Amino acid sequence: MDLNFSPEEDRFRNEVRAFVVAELPHAIRDKVLGHKRLDREDYLTWVRILNTRGWVAPSWPRRFGGQEWDPARELIFEEECALAGAPPVLSFGPRMVAPVIMTFGNQAQQEYFLPRILNGEHWWCQGYSEPGAGSDLASLKTRAERRGDAYIVNGQKTWITLAQHANWIFCLVRTSTEGRPQMGISFLLIDMKTPGITVRPIFMLDGEHEINEVWFDEVEVPVANRIGEENKGWTYAKFLLGHERVSNAALGPSKRALRELKAIAAAAPTGSGLPLIEMPRFRDRIAEVEIDLIALEVMALRVIAMDRERHTPGPEASLLKLQGSQIQQTISELAMEALGPYAALHQPQALAPDWNGSVAGPPEGIGITARYLNCRKVSIYAGSNEIQRNIIARHMLGL
Amino acid sequence: MDFTFTEEQIQIRNSLRRFLAETYTLDRRRAIARSGTGCDPEVWRQLAELGILGLWIPEELGGIGGSAFDAMVVMEELGRALVIEPYLSSAVVGAGILVRAGNTAQQRLLRDITSGAVRIAFAHGEPHSRWELDAVATRAVRQGASWVLRGRKVMVTDGVGADFLVVSARTAAGHSLFLVPGASAGTTRTALMTHDGSSVAEIDFDGARLPADALIGAEGGGSPLIEAASDAAVAGLCAEAVGAMDALLALTLTYVKSRRQFGVPIGSFQALQHRMADMLLHAELARSMSYLATAKLAVSDEMERRRAMSAAKFLVGRSARFVGQEAVQLHGGMGVSDELATSHYFKRLRLIDASFGDRDHHLERFGTVMTAA
């Protein structure tokens, strides 16, 4: 039993840290740490920089351009990137569609798509949810009808993160209505430039445009863009969900948010002469969430070790998602509360990268309330926390 | 990183688990609790035979020379089997202090602790100290070649049954520890029972006279020893709670799968499934923190160690209460009966939270380290 990272892993951490400090453009870092809006180019700039080191998808096998990092290195890498203020490398390409293409795609698909994920040419988004298919994903209705060498796709997908930036979308579509709903689903890769696709923004409760509806009206998709077999898409989708792993614990983002929370609370006046962080009632609440984060980290390391031992991901990832999302929400809530009366302000103009005007309230409060509002999503997406509890009950408790 | 147990640890776990499952039944435990002594001599002898009483004691001092993780494995099993015998008090805390700072004569006792012939208790808490480690009002005054001890110690686990007491007291030089025979003149011990059936004592020292060599370590050198003893206790209690939570979760799971209402097992209801999922989450978080506490026991940086110990004890205390309360609730009427082990686990877990600092105590202590950083 040894809870420490190995000396080699510590060296690796230092290497990552030095790289990020040297290569991450300050303008992007400042936007991330200052909660400014990121544009498409900000994400892509960072992807291209990472690609010079082969670090866009470092856990991939070497034959596809990866470094075969184990989850411990991935965890270290993500944490260092988050703490340094790097934009996240979005999962949709490297971590979601890519493993499906590698495992179930054909050689032509692998040769075409995988390099374009690494160089940033393809920005992927995920077409799963529909207005009538959320937690009950298998009830999806978007139809794909075979016509010669193509599928004709009709329907509507929703809650699609950053679809406004994406040029490719992977979709679950219905190719059969026979048998159980899970049996009639296929997995298609669709070029967003195909005629008949319309992207409509959905504005979130923080006023921001992060998610979208994507409509398909007689969209022609080559059969060559189907992954694996027709009507086997559910299997591939479940495989994909198995790959949403330790990063669901959001350790790096939560550590950064906790650091920021402490800074805000240390600067927040209370009228008593003491800063907010010295007030026992508030300090206790920060302390509790910090302890929760310590425990989550050890638990994440344990899950990594378990997966390594049995060579297959287990249901414990649901524990990480459940607790990790609760911690993210608690930290964002405390940061907002730390602003006191100023937490009520809505100053979206200050989120623009080129904003030079003044804001009311503490300057470190920019974007904090917006993040609290935005963070409500984390217990809903990628399998709501209620779905996670179902998974835990079924697969860990046998209920 | 390595979360695996050694062959030896697995062997300790298996043999202890087998022994306790066979002999330490709920009925046996009830009888021990009713006896008011909190310790069955036969069980104690068998624990000695299993070699676990000397686990914390180096081989050259007559012990087994186990690691902190060996001790964690033992504590988990004692928790799983709801053992009330004062293992933590004698074999971990008391022995640990003598290993660290005892003089040659005092360390000779360690062989007897290993063999089970002698038990030792930690008499530290006082009526006004709550869990503050430095709040010691008991005084030891030097008179010629002797020390004279005056003060009152409370909630001393195994305080009446133990052959020797490690007593904290203030001297002119500060906090100091003394090794005191349990039955010495000027010492009055009153046995009390806890709600879970273990035995604690109130101990009054009214001019108890000790020889000069009763001092453990240097005069005024008690504080770091007290903290180290508390750390060892915290790590042990965390592991004990983890074992108890494991067993209680298993009991509850069996119950909700077999208990039928409305024509189906109640475990098929989502309201209950989600509560059990949260119980498992809390138990696994606690296990993670138990590992951390044990791993940090030997860290030399005082702040880092304090931070880890208080984080662990806070979180484990929170989990222990949550899992205990939920288990009782899910058992319905059976949960509040004395008949099932459920309520006994519930009480034990409650007691663990209140030993060596409850949630509030450790949250405060963690917060102090946090804002000092």
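Keep in mind that what you see is a predicted model, and the values were worked out from it rather than measured.

## Some points on the overall build of chain A
Then, number 1: Summing up its helical and strand segments, chain A has 12 helices and 8 strands in all.
Then, number 2: In summary, chain A has a C-alpha radius of gyration of 22 Å against a globular reference of 21 Å for 399 residues, a match within 12%.
Then, number 3: Overall, chain A is about 75 × 50 × 45 Å in size when its C-alpha atoms are taken along their principal axes.
Then, number 4: By residue count, 41% of the 399 residues in chain A fall in the buried class.
Then, number 5: When contacts within chain A are restricted to residue pairs at least 6 apart in sequence, long-range pairs at least 24 apart make up 71% of them.

## Some words on the environment of Phe239(A)
Then, number 1: Here Phe239(A) shows up in helix α7 (residues 233–242).
Then, number 2: Sequence-distant contacts of Phe239(A), that is, excluding residues within four places in its chain, are made with Val100(A) and Thr103(A).

## What to know about the interface of chain A and chain B
Then, number 1: With 32 residues of chain A at the interface, the matching set in chain B holds 28 residues.
Then, number 2: Elements represented by at least two residues in the side of chain A that touches chain B include exactly α9 (280–310), α10 (317–338) and α12 (385–396) of chain A.
Then, number 3: Residue contributions to the side of chain A that touches chain B peak at 13 residues, all from α9(A).
Then, number 4: Residue classes in the side of chain A that touches chain B are distributed as 20 nonpolar, 3 polar and 9 charged.

## Notes on the pairing of strand β4 (residues 168–174) of chain A
All names here are of chain A.
Then, number 1: By the criterion of burial, β4 is predominantly enclosed, with 7 of the 7 residues buried.
Then, number 2: Here β4 shows a buried face lined by Trp168, Phe170, Leu172 and Arg174 and a second buried face lined by Ile169, Cys171 and Val173.
Then, number 3: Note that strand β1 (residues 124–127) and β4 share 4 bridges and pair parallel. Its bridge partner lying in β4, Gln126 is registered against Phe170.

## Focus: the nonpolar core
Then, number 1: Among the nonpolar cores identified, the biggest contains 228 residues, and Ala300(A), Phe178(B), Cys238(B), Ala241(B), Met289(B) and Ala312(B) are the most heavily contacted of them.
Then, number 2: Take this core: its biggest share by element is 19 residues, from helix α7 (residues 222–258) of chain B.
Then, number 3: The contacts of Phe178(B), once residues within four sequence positions are left out, are Ala140(B), Trp147(B), Leu149(B), Val167(B), Ala169(B), Leu210(B), Ala214(B), Leu215(B) and Ile216(B).

What counts and how
Residues numbered from 1 in each chain as written. Chains lettered and ligands numbered in written order. Predicted model: local features only at pLDDT ≥ 70, side-chain atom pairs only at ≥ 80, totals over all residues. Helix = DSSP H or I, 4+ residues; strand = E, 2+ residues; numbered from the N terminus. Rg over C-alpha atoms; globule rule 2.2 N^0.38 Å. Buried ≥ 20, exposed ≤ 12 C-beta atoms within 10 Å, placed from the backbone. Contact = placed C-beta atoms within 7 Å. Nonpolar A, V, L, I, M, F, W, Y, C, P; charged D, E, K, R; others polar. Pairing = 2+ DSSP bridges. Core = buried A, V, L, I, M, F, W, Y, C linked by C-beta atoms within 7 Å.

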